[in-house]
Amino acid sequence: LYVTSQNTTSSNNINISANLDPYIDGGEIKKINVNVENTNKVTLRNVFVSISYNRGVSGAEETSKIYEKREIGDLSQASVSKQDFEVQFYGKEGEVKDLTINVEYHLDGSNGSFNKSVVKTTIIQKSPIEVRIEGKTSVNAGQAVNYNLTIQNNLQNPVERFLVKVSLPQAF
C-alpha cells in the first residue's frame, strides 16, 4: 500500500490472470496469455512481468528452472497489458506444476520498487514417454530371468534421443 496526498495505490488493484490449462501433457509446448490489469487511479511506471517455473527433467538434463522477464513500460489506470509466453513442463503423470507470475512496478514520487505475484497450478496429464517393465518380481539365486521393457512415445512428434538406464541390485 502506497499513499500520497491524492491517491492510494495498492497491489490489490493489480489483477494478474493467465490461461494456463488445469491439465497439460508433459513435454507439450503451451502458449499462455498473461494479462496485467491496473485498476489503481495512478499510472504504474516501468512495469515488468516475469514468469518462472521448474520445467522438470527432459532428457539427460537435471530439473531446470525457467525464468523469463519482459518489459511492459508504463501501465496507465484502467488499462490492460497482454503478454504471450510459451511454457513446457516435464514430469510424471499426475505431478503438480506451479507457474509463478510476478509484476514489478514503480510509482511517481517514490524510489521504491513494488511487486505482486500469483501462482497458477497445472497437473501433468500424461508423460511424454511411458516406460513399462514386465517380469518376475522375485527370483532364486542362479535363476535366469527375462524382463520386457516397453517404451511408448506419447508426443505427437518423434523423440529423437533418449536414454534408458537399468540398475540392478548388487547381488542380482
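Residues numbered from 1 in each chain as written. Predicted model: local features only at pLDDT ≥ 70, side-chain atom pairs only at ≥ 80, totals over all residues. Heavy atoms only, no water.

> Teacher, can you tell me more about the packing of aromatic side chains here?
Two descriptors summarise a pair of aromatic rings, namely the distance from one centre to the other and the angle between the planes of the rings. Under the definition given, this model contains two aromatic pairs. Note on Tyr53 and Phe89: the rings are 4.7 Å apart at their centroids and 55° apart in plane angle, and the pair reads as tilted. Remark: Phe89 occurs in the loop between β8 (79-88) and β9 (96-106) and Tyr53 occurs in strand β6 (residues 44-56); sequence separation between them is 36 residues. Each member of the pair, Tyr53 as well as Phe89, carries the same accessibility label: buried. Plain terms: the ring middles of Tyr105 and Phe114 are 5.7 Å apart, the flat faces sit at 25° to each other, and that makes the pair stacked. On the basis of relative accessibility, which here comes to 3%, the residue Tyr105 falls in the buried class. Its end group placed over the ring of Phe48, Lys69 keeps NZ or CZ at 4.8 Å from the ring centre. The cationic tip of Arg70 hangs over the ring face of Phe85; the distance from NZ or CZ to the ring centre is 4.0 Å. (Phe/Tyr/Trp six-rings, centres within 6.5 Å; stacked < 30°, edge-to-face > 60°. Helix = DSSP H or I, 4+ residues; strand = E, 2+ residues; numbered from the N terminus. Buried < 20%, exposed > 50% of the residue type's maximum accessible area, 1.4 Å probe, protein only. Lys NZ or Arg CZ within 6 Å of the ring centre and 35° of its normal.)

> How should the pairing of β6 be read in this particular structure?
Two faces make up the sheet, and in a regular strand the side chains alternate between them. Pairing of β6 with strand β7 (residues 64-75), which is carried by 10 bridges, proceeds in the antiparallel orientation. Paired with Asn54 across the strands is Lys65, a residue of β7. Two strands pair when backbone bridges link them, and β6 and β9 are joined in this way by seven bridges, in the antiparallel orientation. Looking across to β9, one finds that Ser50 is bridged to Asn102. (Pairing = 2+ DSSP bridges.)

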